[in-house]
Protein chains: 4
Amino acid sequence: MAGPCAVESEKQLMEAAKAVQEAGASILRGGAYKPRTSPFSFQGLEKKGLELLAQAREHFNIPVITEVVDPHDVSLVAKYADILQVGARNMQNFALLTSVGRSKHPVLLKRGFSSTITEWLTAADYLLAEGNNQVIICERGIRTFEESVRFSLDISSVPVIKRFSHLPVIVDPSHAAGHYSLVPAIARAAVAAGADGLLIEVHPNPKEALVDGLQSLTLSDFARLMTELKAIAKSIGRYI
Amino acid sequence: MAGPCAVESEKQLMEAAKAVQEAGASILRGGAYKPRTSPFSFQGLEKKGLELLAQAREHFNIPVITEVVDPHDVSLVAKYADILQVGARNMQNFALLTSVGRSKHPVLLKRGFSSTITEWLTAADYLLAEGNNQVIICERGIRTFEESVRFSLDISSVPVIKRFSHLPVIVDPSHAAGHYSLVPAIARAAVAAGADGLLIEVHPNPKEALVDGLQSLTLSDFARLMTELKAIAKSIGRYI
Amino acid sequence: MAGPCAVESEKQLMEAAKAVQEAGASILRGGAYKPRTSPFSFQGLEKKGLELLAQAREHFNIPVITEVVDPHDVSLVAKYADILQVGARNMQNFALLTSVGRSKHPVLLKRGFSSTITEWLTAADYLLAEGNNQVIICERGIRTFEESVRFSLDISSVPVIKRFSHLPVIVDPSHAAGHYSLVPAIARAAVAAGADGLLIEVHPNPKEALVDGLQSLTLSDFARLMTELKAIAKSIGRYI
Amino acid sequence: MAGPCAVESEKQLMEAAKAVQEAGASILRGGAYKPRTSPFSFQGLEKKGLELLAQAREHFNIPVITEVVDPHDVSLVAKYADILQVGARNMQNFALLTSVGRSKHPVLLKRGFSSTITEWLTAADYLLAEGNNQVIICERGIRTFEESVRFSLDISSVPVIKRFSHLPVIVDPSHAAGHYSLVPAIARAAVAAGADGLLIEVHPNPKEALVDGLQSLTLSDFARLMTELKAIAKSIGRYI
């Protein structure tokens, strides 16, 4: 899964969609509703963003994933997206989980950045308890004392989840690293550790991104990374 | 502010209300909607709980505070409660913060258990940006490696907040400690450090509490603690 | 216990000793051997520092505490100091603990900044196992994600230690806070929580201190703080 | 680098040495001096352990690495070992670092479990400042809130170190994971992320190990892991 952090314009999204699909990504990501630390930061294009995602989905015949933040927007977002994303800050937003669980739409549940693996799997129970069993969980880094990265990617979570749960687990190296130069090494590690997928931020022009540009790969860097990842996957008997 | 973690029954709430008021508490707390880690735990009495809180408020002429968890319940909860509480797990639930901010009702914003002080004050900006300036913030412990408590009460947050913000800051020693035996020492420390208030869990019969019994003080322990706190407050020129 | 982080000169130490004694401190602190993060920082006056401490001890008739960092310096340092300090970075330096344990000299054992309370008490066992039972333990803040302080003072450790151990526990607010403006509030909290003492950095001229000037109180700020602490101690039935 | 956590007997060490060499390990590890959290745990065979290591080195013609814990044991240990190890708990034991730095012997410096990467590289400066430039650094997991592992392996540290330092960096998955079942996935991730080596605990009979048996691989599990690691290394253009 790859694409820009936020949907910004038709041009930006279509360029990104084309490039990530060509490089081998099978799902397009893009945020329409952005939960931001400050109320004065760009909050996403909202409904307009959903429409652009739908347009890209149709044009490139690629499924899309996008985040939902309000329990009462679930049915609206589910009309446009193939997978609903619940973000790290909402991992224990139980009103949202219950609403998403009822939708029966595939869900990607990000790990809260200070949640234990037990709390994360228990949050997934809110989805399962409503009868929604199409749940993917996503490690995206935890908060530690280390200052050289935004979050410390908890690579051990991959084998721990594999041992205690049947849910597919994917890894988001972009939000963890916070810097594009660290993304490829963490992505390679995730595949080698046994992750079932990756969620990577890619932007046609990271320097002009409205959100998280510093952690986004360029289109060509992403293509190069995909080549590396395919080789590692093959070496452990898996295929991308 | 004192009272039971969850409203369980008329008898339980009225007993607690009577006792905390007699011991000197000025606001009654009680949860009607309980955000629980697991979907299979008791989730609160919901609307029935709100009605019991309103009954206690009228009978004892004491203001009440209770938590709201869904942006679309804000106006309902605001009919029954004098102060709306946003819990630690929802500190960055921006849809909820925006809705609470629009209500113009006094709000207590708990610190997320892995949020920096900067993120906490920036979350408060979501309330202030909607024109709601009756905001109290509440330190309730942060997640660390230490295992002898549920959360480590960050006592330094009190002087840090006093230095960088004009918002009143109170301390919840009960959720931090996780055990009643540690609550009095932390409560005394909070008053000595300059906190503007406390939020303490008190239950007529902690052993039978449906939620968080182990960290609740008995009615008599709470009365004894209030005597200690009054003495400390007086020694630093403040009054309870 | 109060005094400068590092012994720098006769003038500095004698001024500090005089002032802290007048304000009511009962033990003088001062570092002769300084364990510094970088090899290129000031490492202390070493033996010359010990001699200055001995001079202040004699002149003012006040006991002194200083740090020892090498197992083979223990007998040397014990000639000059009344209390040996084992620093946070050496809490699990078992060769040093064994050597200090054998000396039978009173010891102050600081908590490692990422050690659990269990590990801390178990480190004290290295001293007790050698027959040294004059052990004081000192909370000085733990490493967390919070960025507004150098370390987060774990106020809960005071009641936890009181519950599980008979060892006296004191608190060092200076190294935790990392900034003089936060020291008084944390010191007051420590006394209110039941700490048996404090270890505070005081310097005649913090702006010119070679080590940790930003967290040192001036002589007059220290005197003012002592007045506040005496009032709080009295309010909970203790005396300074 | 592979071998038992502690040298326990001639039979144990020789069996382990033979097996790890056959599987492709190029350096034998084994602890003679064991820094243990409690003084009542097994502390290592000390000088006898060094002699057994020297015997294995001669018999199998394989270099050995072992830990040194006291600054005054450095020259003794350097007689028997090809690489001196400074453990995580001693990363900021500056007396030890200075002594090891003076020896000019190759050194492996483990990361303190709560040290930032900056502090870790600055600790290496203590070695470099004494003129010892044969320094390998070793990531072994950091302390976080996550409870399913002993320490959280900080996989990001590999690319961060590669960016800011020229020192070779290796990874110890065994102490991080704390459980043998997690070691292979973390080891594979480390190679894929670009680590220059691994330090893995292997024991002929983990169930009877005196130290850390639960995290040790059996001889056959280690051989299987080496096959996987060689495939991953090859896929990214490196060789084991």
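This structure is a prediction, so every number in the text was calculated from the model and none was measured. (Residues numbered from 1 in each chain as written. Chains lettered and ligands numbered in written order. Predicted model: local features only at pLDDT ≥ 70, side-chain atom pairs only at ≥ 80, totals over all residues. Heavy atoms only, no water.)

Visitor: Please clarify how the relation of the copies chain C and chain D should be interpreted in this entry.
Guide: Two chain copies here: they are related by a rotation about an axis and a translation along the same axis. By a simple turn and slide, chain C fits onto chain D: the slide is 0.0 Å along the axis, the RMSD is 0.0 Å, and the turn is 180°. The relationship between the two copies is best expressed as a two-fold rotation axis. Using C-alpha coordinates, one finds that chain C approaches the rotation axis most closely at C:S114, a distance of 3.0 Å. When the interface residues of chain C are mapped onto chain D, 100% of them again fall at the interface, so both copies present the same face. (Least-squares fit on C-alpha atoms with pLDDT ≥ 70 in both. Contact = heavy atoms within 4.5 Å.)

Visitor: How should I be thinking about the packing of aromatic side chains in this particular structure?
Guide: Applying the stated criterion to the full structure yields eight aromatic pairs over all chains. Considering the side-chain rings of A:F94 and A:Y126, the 4.4 Å spacing of their centres and the 20° angle between planes classify their relative orientation as stacked. Of this pair, A:F94 sits in helix 4 (residues 94-103) while A:Y126 sits in helix 5 (residues 117-128), and the two are 32 residues apart along the sequence. The burial state of A:F94 is the same as that of A:Y126; both residues are buried. Both rings, one in B:F113 and one in B:F151, keep their centres 5.2 Å apart while their planes meet at 35°; by these two values the pair is tilted. Of this pair, B:F113 sits in the loop between strand 5 (107-110) and helix 5 (117-128) while B:F151 sits in the loop between strand 6 (135-139) and helix 6 (157-164); the two residues are 38 residues apart in sequence, bridging distant segments of the chain. Overall, B:F113 belongs to the buried group, its relative accessible area being 8%. Positioned above the aromatic ring of B:F151, the side-chain terminus of B:R140 is 4.3 Å from the ring centre. (Phe/Tyr/Trp six-rings, centres within 6.5 Å; stacked < 30°, edge-to-face > 60°. Helix = DSSP H or I, 4+ residues; strand = E, 2+ residues; numbered from the N terminus. Buried < 20%, exposed > 50% of the residue type's maximum accessible area, 1.4 Å probe, protein only. Lys NZ or Arg CZ within 6 Å of the ring centre and 35° of its normal.)

Visitor: I keep staring at unusual backbone geometry and nothing clicks. Help me out?
Guide: For B:N61, which is not glycine, the phi dihedral falls at a positive 55°. With respect to the element layout, B:N61 can be found in the loop between helix 2 (47-60) and strand 3 (64-67). Classification of B:N61 as exposed rests on a relative accessible area of 68%. Unlike most non-glycine residues, C:E46 shows phi in positive territory, near 55°. By the element assignment, C:E46 lies in the loop between strand 2 (28-29) and helix 2 (47-60). Of the residues examined, C:E46 reaches a relative accessible area of 39% and is grouped as partly exposed.

Visitor: Looking at this structure, how should I read the relation of the copies chain A and chain D?
Guide: Once chain A has been moved 0.0 Å along the axis and rotated by 180°, it coincides with chain D to within an RMSD of 0.0 Å. Most of the interface of chain A is mirrored in chain D, where 100% of its interface residues are also at the interface.

Visitor: Quick question: what am I supposed to make of the pairing of strand 4 (residues 83-86) of chain B here?
Guide: For a regular strand, side chains alternate in direction, first toward one face of the sheet and then toward the other. Residues and elements named next belong to chain B. Side-chain alternation along strand 4 places I83 and Q85 on one buried face and L84 and V86 on a second face that is also buried. Relative to strand 4, strand 3 is paired through three bridges, and the arrangement is parallel. Within the sheet, the bridge partner assigned to T66 lies in strand 4 and is L84. Pairing geometry for strand 4 and strand 5, over three bridges, is parallel. The residue of strand 5 that forms the bridge with V86 is L109. Chirality of the crossover, the property in question, places the unit of strand 4, helix 4 (residues 94-103) and strand 5 among those that are right-handed. (Pairing = 2+ DSSP bridges. Right-handed = clockwise from strand over helix to strand, strands pointing away.)

Visitor: What should I look at first to understand the pattern of salt bridges in this one?
Guide: Here the structure, examined in full by the defined rule, presents 64 salt bridges over all chains. A cluster of three or more residues bridged by salt bridges with shared partners is formed by A:R111, A:E139, A:D154 and D:E146. (Salt bridge = Lys/Arg side-chain N within 4 Å of Asp/Glu carboxyl O.)

Visitor: How should I be thinking about the interface of chain A and chain D in this particular structure?
Guide: For an interface, size is often stated in terms of accessible area lost upon the parts coming together. Listed by partner, the interface residues are 35 residues for chain A and 35 residues for chain D. Here A:E146 and D:R111 are joined by a salt bridge, their closest N and O atoms 2.9 Å apart. Listed by contribution, the elements that provide at least two residues to the side of chain A that touches chain D are helix 6 (157-164), helix 8 (183-193) and helix 9 (219-235) of chain A. With six residues, helix 8 of chain A is the largest single contributor of residues to the side of chain A that touches chain D. A breakdown of the residues in the side of chain A that touches chain D according to their chemical character gives 18 nonpolar, 11 polar and six charged. (Nonpolar A, V, L, I, M, F, W, Y, C, P; charged D, E, K, R; others polar.)

Visitor: What's the story with helix 4 of chain A in this structure? I'm lost.
Guide: Note: α-helices contain 3.6 residues per turn, so residues at a spacing of three or four share the same orientation. All names here are of chain A. With seven of its 10 residues buried, helix 4 lies for the most part within the structure. Those residues of helix 4 lying buried are F94, L96, L97, T98, S99, V100 and G101. Buried residues belonging to helix 4 abut helix 3 (74-80), strand 4 (83-86), strand 5 (107-110) and helix 5.

Visitor: Is there a simple way to think about the environment of D:P35 in this case?
Guide: Structurally, D:P35 is set in the loop between strand 2 (28-29) and helix 2 (47-60). Aside from chain neighbours lying at most four places away, what touches D:P35 is C:F94, D:E67 and D:V69.

Visitor: Sorry, what's going on with the interface of chain C and chain D here?
Guide: Contacts between chain C and chain D engage 28 residues on the former and 28 residues on the latter. It is C:T37, C:Q92 and C:Y126 that lose the most area in chain C upon contact with chain D, and together they represent 22% of the buried surface on that side. In this structure, the connection of chain C to chain D is made through two salt bridges. Its salt-bridge partner being C:R143, residue D:E119 comes within 2.7 Å of it at the nearest N-O pair. Top element by residues in the side of chain C that touches chain D is helix 5 (residues 117-128) of chain C. It accounts for five residues. (Buried area = accessible area lost by both parts, 1.4 Å probe.)

Visitor: Mind showing me how you'd approach the pairing of strand 5 of chain A here?
Guide: All names here are of chain A. A two-sided burial pattern is seen for strand 5, the buried positions comprising V107 and L109 on one face and L108 and K110 on the other. Two strands pair when backbone bridges link them, and strand 5 and strand 6 (residues 135-139) are joined in this way by four bridges, in the parallel orientation. Bridge pairing in strand 6 links L109 to I137. At this point the chain moves from strand 5, through helix 5, to the parallel strand 6, and the crossover so formed is right-handed.

Visitor: I tried to follow the packing of helix 1 (residues 10-23) of chain B against helix 9 (residues 219-235) of chain B on my own but got confused; where do I start?
Guide: Axes are the key here: two packed helices are described by the angle between their axes and the distance separating the axes. Residue and element names in this part refer to chain B. Following both chains from N to C, one finds helix 1 and helix 9 inclined at 20°, their axes separated by 9 Å at the closest point. In terms of axis orientation, helix 1 runs roughly parallel to helix 9. For the element pair helix 1 and helix 9, the recorded crossing hand is right-handed. Contacts between helix 1 and helix 9 involve E15, A16, A19, V20 and A23 from the first element and L219, F222, A223, M226 and K230 from the second. Its residues placed into classes, the contact of helix 1 with helix 9 shows eight nonpolar, no polar and two charged. (Axes fitted to C-alpha atoms, helices over the stretch in contact; angles between N-to-C directions. Parallel < 35°, antiparallel > 145°, perpendicular 65-115°, else oblique. Left-handed = near helix turned anticlockwise from the far one by under 90°.)

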